[in-house]
Amino acid sequence: MSILSTVLFALGILSLASTAVESEANSPVPISCATRGADFTDETALVECPLDCPLWQFSVFGSGVYASVSSICGSAIHRGVISTAGGPVRIQKLSGQENYLSSYGHGIKSQTLSKWISSFSVSRAQTIPMEVSGQPKATALPNSAKKTVKKNLKKANNGNKDCKVDIAFLLDGSYNIGRRRFNLQKNFISKLALMLGIGPEGPHLGIVQVSENPKTEFFLKNFTQPKDVIFAIKEVAFRGGNTNTGKALRHTAETFFTPENGARRGLPRVAVMFVDGWPSDDIEEAATVSRESGINVFLVSVAKPLPEELGMVQDRGFVQKAVCKDNNSFSYNMPSWFSTTKFVKPLAQRLCAEEQMLCSKSCFNSVNIAFLIDGSSSVGDSNFRLVLDFIANIVDAFDISDIGSKIGAVQFTYDQKKEIGFHDYTTKEDTLAAVRGIRYMSGGTATGEAISYTVSNLYNPLKRGTNRNFIVIITDGQSYDEIQGPAVSAQKEGITVYSVGVAWAPMEDLKAMASEPKELHAFFTKEFTELHQFEQPIIKGICRDFTAPH
């Protein structure tokens, strides 16, 4: 080999080696939908986002420049760098800033954030040709490349796995507490968050501030690392106003614990209210809504009213009315906001005691409801559709899952047909579709046999559990068979019976089938178009029966 050939060959080897190293360094690291910018320490990194991340799962703060607690993949979709099909993304670390702006982009609504400690931007990944003129292509080493980049991933704090709860802290931000004690309250909650062991696989928390009007400061999904939670608590600004605790609790029950906001399926939901003094509004109705929604309400009272202040307290029994259960486990008192460290651990232990969460089971997530649908000739197809709409509107109120409420349906004429079994569907969407898809049979009316069939074929195969059992009968006429005996037998099996009659259904038959008290379990209307008026009374009745002694 000549000297010139040797030199050219060596240059080719060097160029090839250089390209291979460059390729290795640029091999994207697979990440999850929830991986955040804060999880990388390098100034720049190349990552691979997965396919079909649910858009509602993303937490994205900012526009163009994103706070480091934002999801990388969510930010990339919001920016238009990738689609929901996933793909490679290059991230660039940036310094922290103030006033991260909200905007809507590609199906994702980013959120505002007043300030954060670090940021990042996202851009399309540039591919590098792996080729040397006159030489074969170099082969990248993706496994070792991934190891190289993965070394720069921070070790995540997974959290206290023995305390898997979703918690809403309701901070007192009223004029009653004032700015100084408000800051002491935030310090206490920060210590409590650390003691709980916040983390992706442990407890998650969010903040709602109580004042004239409630404000959700951040949701369960927004921060799952301790340092991020502590910083977010620190940034909560004092609002002032009246101590409208009832209003804030209702706001929390109705809007906070949703899958879109990070509530996890099957885990206890907890609301911890901090009240400095006493509430300015009524709390009892909001507490009832919370209990019926499966929320375990704790109340931490600080600085109880003095004897001379008792005349100003709207409801002196507000603590007992607010909590999940008045058994001293859900109420906690601290004399003041000073020297509170000794109270942190005992309160954390209560919040982590899942077996004591007596309100986790609610009328919405712990019932089995079987609908008996009259498919006789007198109903007709158009009225049958109205009956299905009526059933669907009731079903829509309940939390249906493999560990939650279950729905069954039997259509009856002289014969019976099991349309939906309790284990056929485990999501609300699928159950509603199945209800609306039931086809009208037409025939006679044998309601008594239908009740017996439902007990034998829906309830008897069902494993005994903690769910309460209900039957809702919808019929438009008189049954050709005996009805009271089968209905009483069902009630003796622990099944509560509701009867809904239309048109020619005799009221005495409806009362014969219904559970006691009859006036609360039997309903009648002349027109199928008027069935909707019974939807809320039946839903509320099921919740009332759920909390009543067996």
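Residues numbered from 1 in each chain as written. Predicted model: local features only at pLDDT ≥ 70, side-chain atom pairs only at ≥ 80, totals over all residues. Heavy atoms only, no water.

(A) Local environment of the overall build of the protein chain. The number of helices and strands found in the protein chain is 16 helices and 20 strands. By residue count, 50% of the 550 residues in the protein chain fall in the buried class. Considering only residue pairs separated by 6 or more positions, the protein chain has 78% of its internal contacts joining residues 24 or more positions apart. When the accessible surface of the protein chain is totalled, it reaches about 25400 Å², and 52% of it is carbon and sulfur. (Helix = DSSP H or I, 4+ residues; strand = E, 2+ residues; numbered from the N terminus. Buried < 20%, exposed > 50% of the residue type's maximum accessible area, 1.4 Å probe, protein only. Contact = heavy atoms within 4.5 Å. Areas by Shrake-Rupley, 256 points an atom, 1.4 Å probe, with all protein chains shown as cover.)

(B) Structural detail: the sheet that holds strand S15 (residues 367-374). Taken in spatial order, the six strands line up as S17-S16-S15-S18-S19-S20 in an open sheet, and their pairing is mixed. The sheet terminates laterally at strand S17 (416-420) and strand S20 (522-525), the two strands that pair on one side only. Averaged over all pairs of adjacent strands, the angle between their axes in this sheet comes to 20 degrees, without regard to strand direction. The pairing of S15 with strand S18 (residues 468-475) spans seven bridges and is parallel. Pairing of Ile369 across the sheet is with Phe470, part of S18. (Pairing = 2+ DSSP bridges. Axes fitted to C-alpha atoms, helices over the stretch in contact; angles between N-to-C directions.)

(C) Structural view of the nonpolar core. Phe169, Phe188 and Leu351 are the most contacted members of the largest nonpolar core, which totals 74 residues. Filtering out sequence-adjacent residues up to four positions away, Leu351 remains in contact with Cys163, Val165, Ile167, Phe169, Leu192, Leu196, Val270, Val272, Phe298 and Met357. Counting 38 residues, the second-largest nonpolar core is a separate cluster that includes Ile391, Ile474, Val500 and Cys543. (Core = buried A, V, L, I, M, F, W, Y, C linked by side-chain atoms within 4.5 Å.)

(D) View of the sheet that holds strand S12 (residues 269-276). Across the sheet, six strands lie side by side as S11-S10-S9-S12-S13-S14; this open sheet has mixed pairing. The sheet terminates laterally at strand S11 (215-218) and strand S14 (331-334), the two strands that pair on one side only. Neighbour-to-neighbour, the strand axes of this sheet turn through a mean angle of 20 degrees, independent of strand direction. Two strands pair when backbone bridges link them, and strand S10 (residues 204-210) and S11 are joined in this way by three bridges, in the antiparallel orientation.

(E) The arrangement of the packing of helix H10 (residues 381-395) against helix H11 (residues 428-436) in detail. In contact at an axis separation of 9 Å, H10 and H11 are set at 165 degrees when each is read in the N-to-C sense. Judged by the angle between their axes, H10 and H11 are roughly antiparallel. Two packed elements cross with a definite hand, and for H10 against H11 that hand is right-handed. Two secondary-structure elements touch here, H10 through Arg385, Leu388, Asp389, Ile391, Ala392 and Val395 and H11 through Lys428, Thr431, Leu432, Val435 and Arg436. Of the residues assigned to the contact of H10 with H11, the class counts are six nonpolar, one polar and four charged. (Parallel < 35°, antiparallel > 145°, perpendicular 65-115°, else oblique. Left-handed = near helix turned anticlockwise from the far one by under 90°. Nonpolar A, V, L, I, M, F, W, Y, C, P; charged D, E, K, R; others polar.)

(F) Spotlight on the environment of Gly404. With respect to the element layout, Gly404 can be found in the loop between H10 and strand S16 (406-412). The class for Gly404 is buried, based on a relative accessible area of 4%. Leave out the neighbours within four places in its chain, and Gly404 touches Asn365, Asp399 and Asn467.

(G) Here's a closer look at unusual backbone geometry. The step from Glu516 to Pro517 runs through a cis peptide bond, and the omega angle for that step is -10 degrees. Along the chain, the position of Pro517 falls in the loop between helix H14 (507-513) and helix H15 (518-521). The phi torsion at Asn328 lies on the positive side, around 75 degrees, for a residue other than glycine. Within the element layout of this structure, Asn328 appears in the loop between helix H8 (318-322) and S14. For Asn328, a relative accessible area of 58% corresponds to the exposed category. Phi is positive for Ala503, which is not a glycine, with a value near 60 degrees. By the secondary structure assignment, Ala503 is in the loop between strand S19 (495-502) and H14.

(H) Examining the packing of aromatic side chains more closely. Evaluated as defined, the whole model comprises 22 aromatic pairs. Taken together, a centroid distance of 6.5 Å and an interplanar angle of 10 degrees make the contact between Tyr498 and Phe523 stacked. Of this pair, Tyr498 sits in strand S19 while Phe523 sits in strand S20, and the two are 25 residues apart along the sequence. Given a relative accessible area of 11%, Phe523 falls into the buried group. An aromatic cluster is present here, built from Phe61, Trp116, Phe218, Phe223 and Phe231 joined pairwise through their rings. (Phe/Tyr/Trp six-rings, centres within 6.5 Å; stacked < 30°, edge-to-face > 60°.)

(I) Here's a closer look at the state of the cysteines. One pass over the full model with this rule turns up five disulfides. Here Cys33 connects covalently by a disulfide to Cys53, the sulfurs 1.9 Å from one another. Judged by the torsion about the S-S bond (-85 degrees), the Cys33/Cys53 disulfide is left-handed. Placement of the pair is Cys33 in the loop between strand S1 (29-30) and strand S2 (44-49) and Cys53 in the loop between S2 and strand S3 (62-63), with a sequence separation of 20 residues. According to the relative accessible area criterion, Cys33 is buried, its value standing at 17%. The disulfide bridge from Cys163 ends at Cys352, spanning 2.0 Å between sulfur atoms. (Disulfide = S-S within 2.5 Å.)

(J) Expanded view of the pairing of S19. Taken across its eight residues, S19 has eight buried, putting it largely inside the fold. Neither face of S19 is left uncovered, since the one carrying Ile495, Val497, Ser499 and Gly501 and the one carrying Thr496, Tyr498, Val500 and Val502 both have all their residues buried. For S18 and S19, the ladder comprises seven bridges, and the chain directions are parallel. Paired with Ile473 across the bridge in S19 is Ser499. Pairing geometry for S19 and S20, over four bridges, is parallel. Pairing of Val502 across the sheet is with Thr525, part of S20.

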